[in-house]
Amino acid sequence: MNRSIEEVILAEPRGFCAGVDRAIEIVERALAKFGAPIYVRHEIVHNTYVVNQLKSKGAIFIEELSDVPPGATLVFSAHGVSKAVQQEARDRGFDIFDATCPLVTKVHVEVAKLAKEGYEFIMIGHKGHPEVEGTMGQLSSGIHLVEDVEDVATVSPAQTEKLAVVTQTTLSVDDAAEIAAAVRARFPKVREPKQQDICYATQNRQDAVKIMSPQVDLVIVVGSPTSSNSNRLRELAERLGTESYMVDSADELKPEWFEGKGRIGLTAGASAPEVLVREVIERVRAFGAVSVRKMDGIEETIKFPLPKGLKLDDIPPPGHIS
Ligand code: SF4
């Protein structure tokens, strides 16, 4: 259809991270071990295809624990939950498997530890995102959300002697650094995490887009609208001056986006499976792309262990999503 497309450049790394892999495997193994239905609080990861695949295998996604019948098996999503949700789930007597990404749990542990030492917190994140609700919900008070530099000017902690910063794991690295600098300027004694809370997968995927964007005429990001890290990849490409679109599946690609574009960059958010990337490649080939080339990039080898009760049984998860 469009003869001008020379090649598709695939970002490295892209797609599933270790936390997403683990979360999906927890639901698949729970289904294999206990049978359907398995209840999952919130979308296990923010991807429409993944959620639909798991629904077809017997997972039921809910937002309110009151929608889960007594005695059911419940999985917490990769984004983590507040202390209140954890308590409610225990009180209701569910069999609980926690698919919270260990890198989110690490932030929760840090918040709890510093709160005991009398710290208040400034959290950099997006209001309403489940990870932010989970992290802020580790404390009943003393954690203040800032979404941008403007918010930093008005945030009002009760004291400033013991103040610490935490961030959502899937932010724009550059935006978070700018907001953290504004926090530092206003509260010079603020304690910052030794290692930033933005996770390796978010950082690596953004770094890859930074290298890829100047080499291409168009960047396609595979990811669902609810996926924070996928949205950040699209924004980043656009900020670097490259036209960019995010699609949930190949069906959303519009031929006119590719008119006159020679090189197409393709990446995927941390919750988007490779099968969707392959479908996008096939569609772009149909639009006229001649070749596909992988960018050089970091190889990610990180893997997180499964929770007790699911790891030793060696139940091969049927038809693992990849
Ligand atoms: S994006 Fe980062 S924090 Fe989120 S699940 Fe993946 S590794 Fe964990």
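Reference entry: report on the structure contained in this document. Note that the structure is predicted; figures quoted are calculated from it, not measured.

Overview of the layout of surface pockets
So, point 1. Of the pockets and cavities examined, the largest pocket occupies roughly 350 Å³.
So, point 2. Around the largest pocket, the lining comprises 21 residues; the ones closest to its centre are Arg 14, Gly 15, Phe 16, Arg 205 and Glu 300.

Focus: the packing of aromatic side chains
So, point 1. On inspection of all chains with the given rule, the structure shows 3 aromatic pairs.
So, point 2. Residues Phe 258 and Phe 287 carry aromatic rings whose centres are separated by 5.0 Å and whose planes lie at 55° to one another, so their mutual orientation is tilted. Pair noted here: Phe 258 is in the loop between strand E10 (243–247) and strand E11 (263–268) and Phe 287 is in the loop between helix H10 (274–286) and strand E12 (291–294), with a separation of 29 residues, a long-range link.
So, point 3. The class of Phe 287 is buried, set by a relative accessible area of 6%.
So, point 4. Above the face of the Tyr 119 ring, Arg 191 is positioned so that its terminal group lies 5.7 Å from the ring centre.

Quick look at the sheet that holds strand E4 (residues 73–76)
So, point 1. In spatial order, the strands read E3-E2-E4-E5; together these 4 strands make up an open sheet with parallel pairing. Taken across any chain shown, the strands that pair with only one partner, and hence form the sheet edges, are strand E3 (59–62) and strand E5 (95–98). Within the sheet, the average angular offset between the axes of one strand and its neighbour, ignoring direction, is 25°.
So, point 2. Relative to the sheet, helix H3 (residues 83–91) contacts strand E2 (38–41), E4 and E5, its axis offset from that of E4 by approximately 170°.

Some points on helix H1 (residues 18–34)
One full turn of an α-helix is made of 3.6 residues, so residues set three or four places apart face in the same direction.
So, point 1. If you check H1, its first and last C-alpha atoms are 24 Å apart, about what 17 residues at 1.5 Å a residue would give, namely 24 Å.
So, point 2. With 13 of 17 residues buried, H1 is to be regarded as a mostly interior element.
So, point 3. Of the residues flanking the end of H1, it is Gly 35, one or two places downstream, whose phi is positive at about 80°.

Here is what the cut-offs are and how they apply
Residues numbered from 1 in each chain as written. Predicted model: local features only at pLDDT ≥ 70, side-chain atom pairs only at ≥ 80, totals over all residues. Heavy atoms only, no water. 1 Å grid on protein atoms, 1.4 Å probe; cavity = no way out; pocket = protein on both sides within 12 Å on 5 of 7 lines; lining within 4 Å. Points joined across faces, edges and corners; volume = space filled by probe spheres on them. Phe/Tyr/Trp six-rings, centres within 6.5 Å; stacked < 30°, edge-to-face > 60°. Helix = DSSP H or I, 4+ residues; strand = E, 2+ residues; numbered from the N terminus. Buried < 20%, exposed > 50% of the residue type's maximum accessible area, 1.4 Å probe, protein only. Lys NZ or Arg CZ within 6 Å of the ring centre and 35° of its normal. Pairing = 2+ DSSP bridges. Axes fitted to C-alpha atoms, helices over the stretch in contact; angles between N-to-C directions. Contact = heavy atoms within 4.5 Å. Expected span 1.5 Å × (residues − 1).

Spatial relationships are all this shows, so hold off on functional conclusions.
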